[in-house]
Amino acid sequence: MRFFTIVALLAALAACQPLPHPFADNTPPPNSPLMTPPDSAGIVVEPVAGAPKETAKDLADAMATALQDNDVPASTDARNSKSYVVQGKATAAGGSDGKMHVSVAWEMHAPDGSLTGQQVATATMTASAWIDGGAGITDLVGPAAPALAKLIESKNPKPAPTTDPLVAVHPASGAPGDGDQALATAMSAALRRVPLDIADFPGA
């Protein structure tokens, strides 16, 4: 009976080939804990107060993208009760050179509304660029995004170390001829295709 049970297991294992390789790729998946804020809260970036309508939205979009580039999930619309919130307040003044001198004070708030950090970015651009969200607005985002991203990354749980399981394949018994050893060898070979670490024929 034991012989036929082992043969059935081998047949079932062969039918499942090819098997997945869970340890072959060390790249974290998109929803890895390394990229996810606590409780999968996410970050929502609001339109920037004090900026023209189009620019306010473009600044929020640019900040969300910059946070994503720093491996932090962010958007301008997805929100829940545990979301972190990034807000910006802009001030702009015309200079004697005919350009607009703009600054944006960025703040990150925890789900309970408490302030977790702030950054200020400045840029000089034409009046039309400030009104239409043109060239120069990325300077109001780029310097601040990495610092804001670190406020979230520092709260991520450290990933638990992973180790491959060790599987012991005991010799079969009751098979004719050298079947005991042949079946164990075949099972070890099949399991290695997962792949797994195999301890061949451990001592009793």
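Residues numbered from 1 in each chain as written. Predicted model: local features only at pLDDT ≥ 70, side-chain atom pairs only at ≥ 80, totals over all residues. Heavy atoms only, no water.

> Sorry, what's going on with the overall build of the chain here?
Each helix and strand in the chain was counted, giving five helices and seven strands. Ordered by position from the N terminus, the helices and strands of the chain form the series α-β-α-β-β-β-β-α-α-β-α-β. Across the 204 residues of the chain, 34% fall into the buried class. (Helix = DSSP H or I, 4+ residues; strand = E, 2+ residues; numbered from the N terminus. Buried < 20%, exposed > 50% of the residue type's maximum accessible area, 1.4 Å probe, protein only.)

> Whenever I open this one, unusual backbone geometry confuses me. Can you help?
Glycine aside, negative phi is the norm for most residues, and most peptide bonds take the trans geometry. Phi at Asp-71 is positive, roughly 65°, even though this residue is not glycine. Structurally, Asp-71 is set in the loop between helix H2 (53-69) and strand S2 (74-75). Residue class for Asp-71 comes out partly exposed when judged on its relative accessible area of 44%.

> Sorry, what's going on with the nonpolar core here?
Side chains of nonpolar character tend, in soluble globular proteins, to be buried together. With 35 residues, the main nonpolar core has Ile-43, Leu-59, Met-63, Leu-67, Val-86, Trp-106 and Trp-130 as its most contacted residues. Listing elements by their share of this core, those giving two or more residues are strand S1 (43-45), H2, strand S3 (84-94), strand S4 (100-109), strand S5 (115-125), helix H3 (127-132) and helix H4 (145-153). With seven residues, H2 is the largest single contributor of residues to this core. The residues touching Val-86, leaving out its near neighbours within four places in the chain, are Ile-43, Val-44, Val-45, Glu-46, Met-63, Leu-67, Trp-106, Glu-107, Met-108 and Leu-148. (Core = buried A, V, L, I, M, F, W, Y, C linked by side-chain atoms within 4.5 Å. Contact = heavy atoms within 4.5 Å.)

> Help me understand the pairing of S4 in this model?
On any regular strand, side chains alternate: one points to one face of the sheet, the next to the other face. When you tally the buried positions in S4, you get seven out of 10 residues, the bulk of the element. Inspection of the sheet shows S3 paired to S4 by 10 bridges, in the antiparallel sense. Each bridged residue has a counterpart across the sheet, and for Ala-90 the counterpart in S4 is Val-104. Two successive antiparallel strands, S3 and S4, enclose a turn made up of five residues, where Gly-98 displays a positive phi of approximately 85°. Sheet analysis places S4 next to S5, joined by 10 bridges and oriented antiparallel. Within S5, the position partnered with Met-108 by the bridge is Gly-117. Linking S4 to S5, which pair antiparallel, is a turn of five residues; within it Gly-113 sits at a positive phi near 90°. (Pairing = 2+ DSSP bridges.)

> How should the side chain of Ser-103 be read in this particular structure?
As for its placement among the helices and strands, Ser-103 is situated in strand S4. A polar atom in the side chain of Ser-103 sits 2.7 Å from the side chain of Thr-91. In this structure, Ser-103 is in contact with Lys-89, Ala-90, Thr-91, Val-120, Ala-121, Thr-122 and Leu-140, ignoring residues within four places of it in sequence. (Polar contact = N/O pair within 3.5 Å; in protein donor to acceptor, adjacent residues only side chain to side chain.)

> Could you clarify how one ought to interpret the environment of Pro-73 in this entry?
Among the secondary structure elements, Pro-73 is positioned in the loop between H2 and S2. The exposure class assigned to Pro-73 is partly exposed, which follows from its relative accessible area of 33%. Along the sequence, Pro-73 and Ile-43 sit 30 residues apart, while their C-alpha atoms lie 6.5 Å from each other.

> Is there a simple way to think about the environment of Val-120 in this case?
You can see Val-120 is positioned in strand S5. Residues Val-120 and Glu-107 lie 13 residues apart in sequence; the distance between their C-alpha atoms is 8.7 Å. If we skip the residues at most four places from it in the chain, Val-120 touches Ser-103, Val-104 and Ala-105.

> Which parts of the structure should I look at to understand the sheet that holds S1?
For sheets, the rule is that strands pair by backbone hydrogen bonds, running either parallel or antiparallel. Strands sit in the order S2-S1-S3-S4-S5 across an open sheet of five strands; the sheet is mixed. Each edge of the sheet is formed by a strand with only one pairing partner; in this case those strands are S2 and S5.

> Would you take a moment to explain the pattern of salt bridges for this structure?
Any two side chains of opposite charge can pair, on the condition that their charged atoms come close. Tallied over the entire structure, the rule returns one salt bridge. Across the pair Asp-61 and Lys-57 runs a salt bridge whose closest N-O atoms are separated by 3.1 Å. A residue pair is termed a helical-turn pair when its members lie 3 or 4 positions apart in one helix, as Asp-61 and Lys-57 do in helix H2 at four residues. A relative accessible area of 26% means that Asp-61 is categorised as partly exposed. (Salt bridge = Lys/Arg side-chain N within 4 Å of Asp/Glu carboxyl O.)

On their own, these measurements won't tell you what the molecule is for.
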